[in-house]
Amino acid sequence: MKGNILVITGGLSGIGKGTALELAKENLTIIILDVQDKKAPDVIKQVELLGSECKYFHCDLTKRQEVDRGFEQIGKQYGRVDYAFNNAGRGILSKPFAKVNDSEIDSLIDLDIKAVMYCMINELKFMTEQHFGRIVNTTSGAGLVAGKGMALYSACKHAVVGLTKAAALDYAKKEITINAVAPGTIATELILPYKETAPEEFKKWEDSNPIGRLGKPAEIGHAVKFFFEDGSEFVNGVILPVDSGCVAGNF
Ligand SMILES: NC(=O)c1ccc[n+]([C@@H]2O[C@H](COP(=O)([O-])OP(=O)(O)OC[C@H]3O[C@@H](n4cnc5c(N)ncnc54)[C@H](O)[C@@H]3O)[C@@H](O)[C@H]2O)c1
(Lines give C-alpha, C1' and ligand atoms only; values in the text may rest on other atoms or scores of the structure.)
Protein backbone atom coordinates (compact mmCIF):
# COMPACT_ATOMS: atom_id res chain seq x y z
CA MET A 1 0.00 0.00 0.00
CA LYS A 2 1.30 3.41 -1.04
CA GLY A 3 0.82 5.74 1.94
CA ASN A 4 0.40 4.91 5.57
CA ILE A 5 -2.23 7.05 7.29
CA LEU A 6 -5.60 5.31 7.53
CA VAL A 7 -8.68 6.83 9.18
CA ILE A 8 -11.49 4.51 10.27
CA THR A 9 -14.78 5.86 11.63
CA GLY A 10 -16.57 3.63 14.12
CA GLY A 11 -13.36 1.63 14.48
CA LEU A 12 -13.94 0.58 18.09
CA SER A 13 -16.60 -2.01 17.33
CA GLY A 14 -17.92 -4.45 14.76
CA ILE A 15 -16.99 -3.92 11.12
CA GLY A 16 -14.75 -0.91 11.84
CA LYS A 17 -12.76 -2.80 14.47
CA GLY A 18 -12.60 -5.93 12.29
CA THR A 19 -11.23 -3.81 9.45
CA ALA A 20 -8.68 -2.13 11.72
CA LEU A 21 -7.42 -5.55 12.80
CA GLU A 22 -7.38 -6.88 9.24
CA LEU A 23 -5.35 -3.89 8.03
CA ALA A 24 -3.10 -3.74 11.10
CA LYS A 25 -0.74 -6.22 9.43
CA GLU A 26 0.04 -3.59 6.74
CA ASN A 27 2.32 -1.48 8.94
CA LEU A 28 0.11 1.61 8.90
CA THR A 29 -0.86 4.36 11.28
CA ILE A 30 -4.52 3.65 11.97
CA ILE A 31 -6.53 6.56 13.37
CA ILE A 32 -9.90 5.69 14.84
CA LEU A 33 -12.69 8.25 15.19
CA ASP A 34 -15.41 7.03 17.53
CA VAL A 35 -17.22 7.89 20.76
CA GLN A 36 -16.84 4.79 22.94
CA ASP A 37 -13.75 6.00 24.82
CA LYS A 38 -13.65 3.03 27.21
CA LYS A 39 -13.15 0.57 24.36
CA ALA A 40 -10.20 2.45 22.88
CA PRO A 41 -7.27 1.10 24.97
CA ASP A 42 -8.11 -2.52 24.19
CA VAL A 43 -8.55 -1.90 20.43
CA ILE A 44 -5.32 0.12 20.29
CA LYS A 45 -3.48 -2.73 22.02
CA GLN A 46 -4.89 -5.33 19.61
CA VAL A 47 -3.99 -3.24 16.51
CA GLU A 48 -0.48 -2.51 17.79
CA LEU A 49 0.19 -6.18 18.57
CA LEU A 50 -0.45 -6.87 14.87
CA GLY A 51 2.14 -4.31 13.75
CA SER A 52 0.50 -0.91 13.11
CA GLU A 53 0.53 2.26 15.18
CA CYS A 54 -2.97 3.14 16.43
CA LYS A 55 -4.42 6.44 17.67
CA TYR A 56 -7.92 7.16 18.92
CA PHE A 57 -9.68 10.53 18.76
CA HIS A 58 -13.04 11.01 20.45
CA CYS A 59 -15.26 12.48 17.74
CA ASP A 60 -19.04 12.58 17.52
CA LEU A 61 -19.33 12.32 13.77
CA THR A 62 -22.81 13.82 13.72
CA LYS A 63 -21.33 17.17 14.80
CA ARG A 64 -19.64 19.02 11.95
CA GLN A 65 -17.36 20.99 14.30
CA GLU A 66 -16.12 17.82 16.03
CA VAL A 67 -15.40 16.18 12.68
CA ASP A 68 -13.50 19.24 11.45
CA ARG A 69 -11.57 19.38 14.74
CA GLY A 70 -10.72 15.67 14.50
CA PHE A 71 -9.26 16.09 11.02
CA GLU A 72 -7.48 19.27 12.12
CA GLN A 73 -5.71 17.20 14.81
CA ILE A 74 -4.86 14.54 12.23
CA GLY A 75 -3.46 17.27 9.97
CA LYS A 76 -1.32 18.70 12.78
CA GLN A 77 0.05 15.32 13.88
CA TYR A 78 0.37 13.46 10.58
CA GLY A 79 -0.09 16.00 7.76
CA ARG A 80 -1.94 13.59 5.48
CA VAL A 81 -4.77 11.09 5.07
CA ASP A 82 -4.04 8.31 2.57
CA TYR A 83 -6.88 5.89 3.24
CA ALA A 84 -10.28 6.40 4.81
CA PHE A 85 -12.99 3.95 5.78
CA ASN A 86 -16.18 5.92 6.51
CA ASN A 87 -18.02 3.20 8.29
CA ALA A 88 -19.76 4.38 11.47
CA GLY A 89 -23.50 3.99 11.15
CA ARG A 90 -26.58 2.56 12.71
CA GLY A 91 -29.86 0.96 11.71
CA ILE A 92 -33.23 0.67 13.38
CA LEU A 93 -35.28 -2.42 13.92
CA SER A 94 -37.71 -2.97 11.06
CA LYS A 95 -41.04 -1.15 11.18
CA PRO A 96 -43.42 0.23 8.59
CA PHE A 97 -42.27 3.67 7.51
CA ALA A 98 -45.14 5.73 8.98
CA LYS A 99 -44.23 4.38 12.45
CA VAL A 100 -40.78 5.98 12.27
CA ASN A 101 -40.56 9.10 14.44
CA ASP A 102 -38.85 12.44 13.81
CA SER A 103 -35.98 11.82 16.16
CA GLU A 104 -35.20 8.49 14.41
CA ILE A 105 -35.27 10.28 11.05
CA ASP A 106 -32.91 13.00 12.26
CA SER A 107 -30.50 10.70 14.05
CA LEU A 108 -30.18 8.27 11.14
CA ILE A 109 -29.75 11.01 8.54
CA ASP A 110 -27.16 12.68 10.80
CA LEU A 111 -25.03 9.57 11.30
CA ASP A 112 -25.62 7.45 8.21
CA ILE A 113 -25.53 10.28 5.64
CA LYS A 114 -24.31 13.63 6.94
CA ALA A 115 -21.40 12.23 8.96
CA VAL A 116 -20.11 10.40 5.86
CA MET A 117 -20.31 13.69 3.93
CA TYR A 118 -18.51 15.66 6.67
CA CYS A 119 -15.71 13.08 6.76
CA MET A 120 -15.37 12.92 2.97
CA ILE A 121 -15.15 16.70 2.68
CA ASN A 122 -12.25 16.70 5.16
CA GLU A 123 -10.54 13.64 3.64
CA LEU A 124 -10.77 15.03 0.11
CA LYS A 125 -9.00 18.23 1.17
CA PHE A 126 -5.94 16.18 2.18
CA MET A 127 -6.19 13.80 -0.75
CA THR A 128 -6.58 16.51 -3.39
CA GLU A 129 -3.48 18.25 -2.10
CA GLN A 130 -1.50 14.98 -1.94
CA HIS A 131 -2.72 13.79 -5.37
CA PHE A 132 -3.45 10.44 -3.76
CA GLY A 133 -6.25 8.95 -1.75
CA ARG A 134 -8.48 5.93 -1.30
CA ILE A 135 -11.92 6.27 0.28
CA VAL A 136 -14.26 3.38 1.10
CA ASN A 137 -17.72 4.05 2.53
CA THR A 138 -19.98 1.54 4.23
CA THR A 139 -23.42 1.21 2.73
CA SER A 140 -25.44 -2.00 3.14
CA GLY A 141 -27.40 -4.59 1.20
CA ALA A 142 -30.26 -2.24 2.15
CA GLY A 143 -28.51 0.43 0.07
CA LEU A 144 -28.89 -1.74 -3.02
CA VAL A 145 -32.23 -3.48 -2.62
CA ALA A 146 -35.27 -2.72 -0.50
CA GLY A 147 -36.58 -4.75 2.41
CA LYS A 148 -39.92 -4.51 4.19
CA GLY A 149 -39.80 -2.23 7.22
CA MET A 150 -36.43 -0.81 6.21
CA ALA A 151 -37.47 2.44 4.44
CA LEU A 152 -35.53 4.88 6.64
CA TYR A 153 -32.32 2.82 6.83
CA SER A 154 -32.60 1.89 3.17
CA ALA A 155 -33.04 5.55 2.16
CA CYS A 156 -29.91 6.51 4.11
CA LYS A 157 -27.83 3.67 2.70
CA HIS A 158 -29.05 4.38 -0.86
CA ALA A 159 -27.85 7.95 -0.27
CA VAL A 160 -24.36 6.63 0.55
CA VAL A 161 -24.41 4.74 -2.77
CA GLY A 162 -25.27 7.89 -4.73
CA LEU A 163 -22.71 9.93 -2.83
CA THR A 164 -19.99 7.35 -3.47
CA LYS A 165 -20.64 7.04 -7.19
CA ALA A 166 -20.96 10.76 -7.91
CA ALA A 167 -17.97 11.82 -5.82
CA ALA A 168 -15.91 9.07 -7.47
CA LEU A 169 -16.44 10.86 -10.80
CA ASP A 170 -15.54 14.27 -9.34
CA TYR A 171 -12.10 13.10 -8.18
CA ALA A 172 -11.16 10.41 -10.73
CA LYS A 173 -8.47 12.61 -12.34
CA LYS A 174 -6.84 13.39 -8.97
CA GLU A 175 -5.56 9.87 -8.25
CA ILE A 176 -8.33 9.44 -5.71
CA THR A 177 -10.75 6.51 -5.77
CA ILE A 178 -14.05 6.35 -3.90
CA ASN A 179 -15.84 3.03 -3.50
CA ALA A 180 -18.17 1.37 -1.02
CA VAL A 181 -18.76 -1.99 0.60
CA ALA A 182 -22.32 -3.25 1.05
CA PRO A 183 -22.19 -5.80 3.88
CA GLY A 184 -24.73 -8.54 4.32
CA THR A 185 -25.73 -9.33 7.91
CA ILE A 186 -22.56 -9.30 9.99
CA ALA A 187 -22.08 -10.50 13.58
CA THR A 188 -21.49 -7.16 15.35
CA GLU A 189 -22.81 -5.28 18.35
CA LEU A 190 -25.37 -3.67 16.06
CA ILE A 191 -26.95 -7.05 15.41
CA LEU A 192 -26.02 -9.47 18.22
CA PRO A 193 -28.15 -7.88 21.02
CA TYR A 194 -31.28 -8.73 19.00
CA LYS A 195 -30.63 -12.42 19.63
CA GLU A 196 -32.16 -11.79 23.09
CA THR A 197 -34.51 -8.87 22.42
CA ALA A 198 -35.96 -9.85 19.02
CA PRO A 199 -35.17 -13.53 18.42
CA GLU A 200 -37.48 -13.87 15.39
CA GLU A 201 -35.88 -10.92 13.61
CA PHE A 202 -32.44 -12.28 14.53
CA LYS A 203 -33.24 -15.69 13.05
CA LYS A 204 -34.29 -13.95 9.80
CA TRP A 205 -30.95 -12.12 9.72
CA GLU A 206 -29.03 -15.33 10.37
CA ASP A 207 -30.80 -16.91 7.40
CA SER A 208 -30.33 -13.83 5.20
CA ASN A 209 -26.84 -14.71 3.93
CA PRO A 210 -26.93 -17.52 1.33
CA ILE A 211 -23.83 -19.08 2.92
CA GLY A 212 -26.04 -19.87 5.94
CA ARG A 213 -24.29 -17.89 8.66
CA LEU A 214 -23.68 -14.30 9.74
CA GLY A 215 -20.66 -12.60 8.19
CA LYS A 216 -17.54 -11.83 10.20
CA PRO A 217 -16.25 -8.23 10.55
CA ALA A 218 -12.86 -9.33 9.19
CA GLU A 219 -14.56 -10.49 5.98
CA ILE A 220 -15.61 -6.88 5.33
CA GLY A 221 -12.09 -5.72 6.25
CA HIS A 222 -10.67 -8.05 3.63
CA ALA A 223 -12.84 -6.41 0.94
CA VAL A 224 -11.92 -2.91 2.14
CA LYS A 225 -8.23 -3.81 1.87
CA PHE A 226 -8.71 -4.71 -1.81
CA PHE A 227 -9.77 -1.12 -2.60
CA PHE A 228 -6.70 0.23 -0.81
CA GLU A 229 -4.12 -2.05 -2.41
CA ASP A 230 -1.69 -0.91 -5.08
CA GLY A 231 -3.11 -2.03 -8.42
CA SER A 232 -6.71 -1.15 -7.49
CA GLU A 233 -6.54 2.39 -8.88
CA PHE A 234 -8.75 1.53 -11.88
CA VAL A 235 -11.52 0.39 -9.51
CA ASN A 236 -13.62 3.48 -8.84
CA GLY A 237 -17.27 4.24 -8.06
CA VAL A 238 -17.93 0.59 -7.27
CA ILE A 239 -20.41 -0.66 -4.67
CA LEU A 240 -19.19 -4.11 -3.64
CA PRO A 241 -21.69 -6.41 -1.92
CA VAL A 242 -19.93 -8.55 0.68
CA ASP A 243 -22.80 -10.80 1.61
CA SER A 244 -22.17 -14.33 0.29
CA GLY A 245 -24.57 -13.57 -2.58
CA CYS A 246 -27.55 -12.09 -0.73
CA VAL A 247 -28.29 -9.26 -3.19
CA ALA A 248 -27.37 -11.40 -6.22
CA GLY A 249 -30.94 -12.64 -6.40
CA ASN A 250 -33.74 -14.51 -4.72
CA PHE A 251 -31.97 -17.46 -3.16
N1 LIG B 1 -23.71 -5.40 11.13
C2 LIG B 1 -24.39 -5.53 10.00
O3 LIG B 1 -25.06 -6.56 9.76
C4 LIG B 1 -24.35 -4.46 8.95
C5 LIG B 1 -24.89 -4.76 7.69
C6 LIG B 1 -24.84 -3.80 6.69
C7 LIG B 1 -24.27 -2.57 6.95
N8 LIG B 1 -23.78 -2.30 8.18
C9 LIG B 1 -23.18 -0.99 8.41
O10 LIG B 1 -21.86 -1.19 8.86
C11 LIG B 1 -21.46 -0.07 9.66
C12 LIG B 1 -20.88 -0.55 10.97
O13 LIG B 1 -21.86 -1.30 11.65
P14 LIG B 1 -21.49 -2.34 12.79
O15 LIG B 1 -22.43 -3.47 12.62
O16 LIG B 1 -20.03 -2.59 12.81
O17 LIG B 1 -21.96 -1.51 14.07
P18 LIG B 1 -21.31 -1.39 15.54
O19 LIG B 1 -22.41 -0.81 16.36
O20 LIG B 1 -20.70 -2.66 15.97
O21 LIG B 1 -20.17 -0.30 15.34
C22 LIG B 1 -20.48 1.02 15.00
C23 LIG B 1 -19.40 1.94 15.59
O24 LIG B 1 -19.74 3.29 15.22
C25 LIG B 1 -19.57 4.11 16.37
N26 LIG B 1 -20.45 5.28 16.33
C27 LIG B 1 -21.80 5.29 16.42
N28 LIG B 1 -22.25 6.54 16.43
C29 LIG B 1 -21.16 7.35 16.35
C30 LIG B 1 -20.98 8.76 16.34
N31 LIG B 1 -22.01 9.61 16.42
N32 LIG B 1 -19.73 9.24 16.23
C33 LIG B 1 -18.66 8.40 16.18
N34 LIG B 1 -18.78 7.06 16.19
C35 LIG B 1 -20.02 6.55 16.28
C36 LIG B 1 -19.95 3.22 17.54
O37 LIG B 1 -19.42 3.71 18.75
C38 LIG B 1 -19.34 1.89 17.12
O39 LIG B 1 -18.00 1.76 17.56
C40 LIG B 1 -22.71 0.81 9.79
O41 LIG B 1 -22.65 1.83 8.83
C42 LIG B 1 -23.85 -0.14 9.47
O43 LIG B 1 -24.98 0.53 8.97
C44 LIG B 1 -23.80 -3.23 9.19
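We now turn to the structure provided with this report. Model, not experiment: these values are computed from the prediction.

**A short note on the pairing of strand β5 (residues 133-138)**
Most of β5 sits out of view: six of its six residues are buried. The side-chain alternation of β5 yields two buried faces, one formed by Gly133, Ile135 and Asn137 and the other by Arg134, Val136 and Thr138. As a crossover connection, the stretch from strand β4 (residues 83-86) through helix α4 (residues 102-130) into β5 is right-handed. One ladder, built from six bridges, connects β5 with strand β6 (residues 176-183); its direction is parallel. From the neighbouring strand, glycine 133 faces β6, where its bridge partner is isoleucine 176.

**A look at the packing of helix α1 (residues 14-23) against helix α2 (residues 40-49)**
For the pair α1 and α2, interaxial distance at closest approach is 8 Å and the crossing angle is 25°. Taken together, the axes of α1 and α2 lie roughly parallel to each other. In terms of crossing hand, the pair formed by α1 and α2 is right-handed. Along its contact with α1, which presents Lys17, Ala20 and Leu21, the element α2 presents Asp42, Val43, Gln46 and Val47.

**Some remarks on the nonpolar core**
Residues Ile31, Leu33, Leu61, Phe71, Ile74, Met120 and Ile178 are the most contacted members of the largest nonpolar core, which totals 29 residues. Secondary-structure elements contributing two or more residues to this core are β1 (5-9), β2 (29-34), α3 (64-78), α4, α5 (151-171) and β6. Ranked by residues supplied to this core, first place goes to α4 with nine residues. When residues no more than four places from it in sequence are discounted, the contact partners of leucine 33 are Val7, Ile8, Thr9, Gly10, Gly11, Phe57, Cys59, Leu61, Phe71 and Ile74. The next biggest cluster of nonpolar side chains, apart from the first, holds 28 residues, and it includes Leu6, Ala40, Val43 and Val136.

**Regarding the side chain of threonine 188**
Its location among the elements puts threonine 188 in the loop between β6 and α6 (194-197). If near-sequence neighbours (up to four positions away) are discounted, threonine 188 is found in contact with Gly14, Ile15, Pro193 and Pro217.

**A word on the site of the ligand**
Taken together, 29 residues lie around the ligand, and Ser13, Asp34, Tyr153, Ile186 and Thr188 are the ones closest in. Interatomic distance of 3.0 Å between a backbone N/O atom of leucine 61 and a nitrogen atom of the ligand. Elements that contribute at least two residues to the shell around the ligand include exactly α1 and α5. For the shell around the ligand, the residue count by class is 12 nonpolar, 13 polar and four charged.

**Quick word on the packing of aromatic side chains**
The full count for this structure, using the stated rule, is four aromatic pairs. For the ring pair tyrosine 83 and phenylalanine 228, a centre distance of 5.0 Å and an interplane angle of 45° mean the geometry is tilted. Here the residue tyrosine 83 occupies a position in strand β4, and phenylalanine 228 occupies one in helix α8 (residues 217-228), the gap between them amounting to 145 residues. Just as tyrosine 83 is buried, phenylalanine 228 falls in that class too.

**Looking at the sheet that holds β2**
In space, the seven strands of this open sheet follow the order β3-β2-β1-β4-β5-β6-β7, with parallel pairing throughout. Edge positions in the open sheet fall to β3 (53-58) and β7 (239-242), since each of these has one partner strand only. Averaged over all pairs of adjacent strands, the angle between their axes in this sheet comes to 20°, without regard to strand direction. Contacts from α1 reach β1, β2, β4 and β6 within the one sheet, and its direction differs from that of β1 by about 160°. Strand contacts of α3: β1, β2 and β3, with the helix running at about 150° to β3, the strand carrying the most contacts.

What counts, and at which threshold
- Residues numbered from 1 in each chain as written.
- Predicted model: local features only at pLDDT ≥ 70, side-chain atom pairs only at ≥ 80, totals over all residues.
- Heavy atoms only, no water.
- Buried < 20%, exposed > 50% of the residue type's maximum accessible area, 1.4 Å probe, protein only.
- Helix = DSSP H or I, 4+ residues; strand = E, 2+ residues; numbered from the N terminus.
- Right-handed = clockwise from strand over helix to strand, strands pointing away.
- Pairing = 2+ DSSP bridges.
- Axes fitted to C-alpha atoms, helices over the stretch in contact; angles between N-to-C directions.
- Parallel < 35°, antiparallel > 145°, perpendicular 65-115°, else oblique.
- Left-handed = near helix turned anticlockwise from the far one by under 90°.
- Contact = heavy atoms within 4.5 Å.
- Core = buried A, V, L, I, M, F, W, Y, C linked by side-chain atoms within 4.5 Å.
- Near = heavy atom within 4 Å.
- Polar contact = N/O pair within 3.5 Å; in protein donor to acceptor, adjacent residues only side chain to side chain.
- Nonpolar A, V, L, I, M, F, W, Y, C, P; charged D, E, K, R; others polar.
- Phe/Tyr/Trp six-rings, centres within 6.5 Å; stacked < 30°, edge-to-face > 60°.

By themselves these figures say nothing about function.
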